[in-house]
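# Residue-level structural notes
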Amino acid sequence: MNKLLEIKDKAVKFCGEYEHFILPVVRFAVAFIAFITIDLNIGYMAKISSMLVALLLALVCALLPVNAILWIASIMILLDMYALSIEVFAITFVLFLVLYFVYFRFAPKDGMLVILTPICFQLHIPSVMPVAAGLLRRAYSVVAIICGTLLYYFFDGIRQNASALAEGQSTTKLNVTMGQLLDNKEMFIVMAIFVITTLVVYQVRRLKINNSWTVATIAGGLIQLVALVVAYLVLGLPEKIIWLVLSTVAA
């Protein structure tokens, strides 16, 4: 354990000394992964869904604040939704307005959490994010976790119903799109568990006890593991449990 703490201290010192060089690289990497993820999953507008476009936009984001990644990603998504269906575009636009109002009102400095949460879902390790937020950020960071989780489930539902949304009637498109927001029980349960996990980790790591970070990490992992296993069994999704275990270990 002491060896791990020494490595952590050295890493923190290194990042502090070379922050001006490291942060642009991190922003570039996160932006590139985010844009490629969008292209692979909902890249309905072929003109912007390419490796070259993602690379160029990521280079721009490397020189800008983190929130620039959110703005550019949002524009890309809106263009993709417009290419899919005008009805889906309209609902997505309203959704973004609501989320941006909530995000900039309560957690304007947690853009990285909003971006990384859907990415971690795609990598099957979403449990990392509530624990990381509780360890590294403040209690209000749950807002960013909620936004990222909602975006993942919404666009994953859009991807699964792309054919119906592209070819169906306007009423069908509206019902299917709204259903991704209002009828997804898994999304609401996962968001609730992530909120509880983040707040528990945050409170425990602030306690004046030995190894508070370790205790907080273990507590957060156990809460997620038990709660999500029960939730997936109730929802009839046992196939997700194996990924849940791996995600918890990663967290």
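I will try to describe carefully the structure that is included in this document. It should be emphasised that the depicted structure is a prediction, and the values quoted were computed from it without experimental measurement.

Across its full length, the chain carries 13 helices and 0 strands. From first element to last, N terminus to C terminus, the chain shows the α and β order α-α-α-α-α-α-α-α-α-α-α-α-α. Rg of the C-alpha trace for the chain: 19 Å, near the compact-globule value of 18 Å for 251 residues, within the 12% margin. Oriented by its inertia axes, the alpha-carbon framework of the chain measures out at about 60 × 45 × 30 Å. Classification of the 251 residues of the chain by burial places 43% in the buried group. Of all intrachain contacts in the chain linking residues separated by at least 6 positions in sequence, the fraction that spans at least 24 positions is 71%. Accessible surface for the chain amounts to roughly 13600 Å². Of this, 71% is attributable to carbon and sulfur atoms.

On to helix α10 (residues 170-182). With 13 residues, α10 should reach 18 Å at 1.5 Å per residue; the first-to-last C-alpha distance of 18 Å fits that figure. Of the residues making up α10, those classed as buried are Lys173, Val176, Thr177, Gly179, Gln180 and Leu181. Tucked inside the fold, the buried residues of α10 contact α5 (86-106), α8 (142-160), α9 (162-167) and α11 (185-205).

Before going further, it helps to examine the side chain of Arg205. Relative to the elements of secondary structure, Arg205 occurs in helix α11. Of the buried charged residues, Arg205 lacks a salt bridge, with Asp110 as the closest side chain of opposite charge at 9.9 Å. Polar contacts involving the side chain of Arg205 include one to the main-chain carbonyl oxygen of Gly134, which spans 3.0 Å. Filtering out sequence-adjacent residues up to four positions away, Arg205 remains in contact with Gly134, Leu135, Leu136, Arg137, Ser212, Trp213 and Ala216.

With that out of the way, let us pick up the environment of Ile48. Inspection of the secondary structure assignment puts Ile48 in the loop between α2 (19-42) and α3 (51-62). On a C-alpha basis, the gap between Ile48 and Phe35 in space is 9.9 Å, while along the polypeptide they are 13 residues apart. Among residues more than four places away in sequence, those in contact with Ile48 are Asp39, Val53, Met76, Leu79 and Asp80.

Here the focus is the nonpolar core. Among the nonpolar cores identified, the biggest contains 63 residues, and Phe35, Phe155, Ile158 and Tyr232 are the most heavily contacted of them. For this core, the element with the highest residue contribution is α8, accounting for 12 residues. Ignoring sequence-local partners within four residues, the contact set of Phe35 consists of Ala54, Leu57, Ala58, Cys61, Ile69, Ile72, Ala73 and Met76. One finds Val131, Leu135, Val201 and Ala216 within the second-largest nonpolar core, a separate group that totals 5 residues.

This structure, assessed with the given rule, holds 4 salt bridges. Arg159 serves as the salt-bridge partner of Asp156, at 2.6 Å between the closest nitrogen and oxygen. One end of the pair, Asp156, and the other, Arg159, are both in helix α8, 3 residues apart, so they sit about a helical turn from each other. Judged by its relative accessible area of 14%, Asp156 is buried.

For the rest of this paragraph, the subject is the packing of aromatic side chains. Under the definition given, this model contains 14 aromatic pairs. Ring centres 5.4 Å apart and planes at 70 degrees place the aromatic pair Phe121 and Tyr153 in the edge-to-face group. With Phe121 in helix α6 (residues 111-122) and Tyr153 in helix α8, the pair connects residues that are 32 residues apart, well separated along the chain. Overall, Phe121 belongs to the buried group, its relative accessible area being 8%. Look at Tyr153 and you get buried, because its relative accessible area is 5%.

Thresholds, definitions, all that
Residues numbered from 1 in each chain as written. Predicted model: local features only at pLDDT ≥ 70, side-chain atom pairs only at ≥ 80, totals over all residues. Heavy atoms only, no water. Helix = DSSP H or I, 4+ residues; strand = E, 2+ residues; numbered from the N terminus. Rg over C-alpha atoms; globule rule 2.2 N^0.38 Å. Buried < 20%, exposed > 50% of the residue type's maximum accessible area, 1.4 Å probe, protein only. Contact = heavy atoms within 4.5 Å. Areas by Shrake-Rupley, 256 points an atom, 1.4 Å probe, with all protein chains shown as cover. Expected span 1.5 Å × (residues − 1). Lys, Arg positive; Asp, Glu negative; His and termini not counted. Salt bridge = Lys/Arg side-chain N within 4 Å of Asp/Glu carboxyl O. Polar contact = N/O pair within 3.5 Å; in protein donor to acceptor, adjacent residues only side chain to side chain. Core = buried A, V, L, I, M, F, W, Y, C linked by side-chain atoms within 4.5 Å. Phe/Tyr/Trp six-rings, centres within 6.5 Å; stacked < 30°, edge-to-face > 60°.

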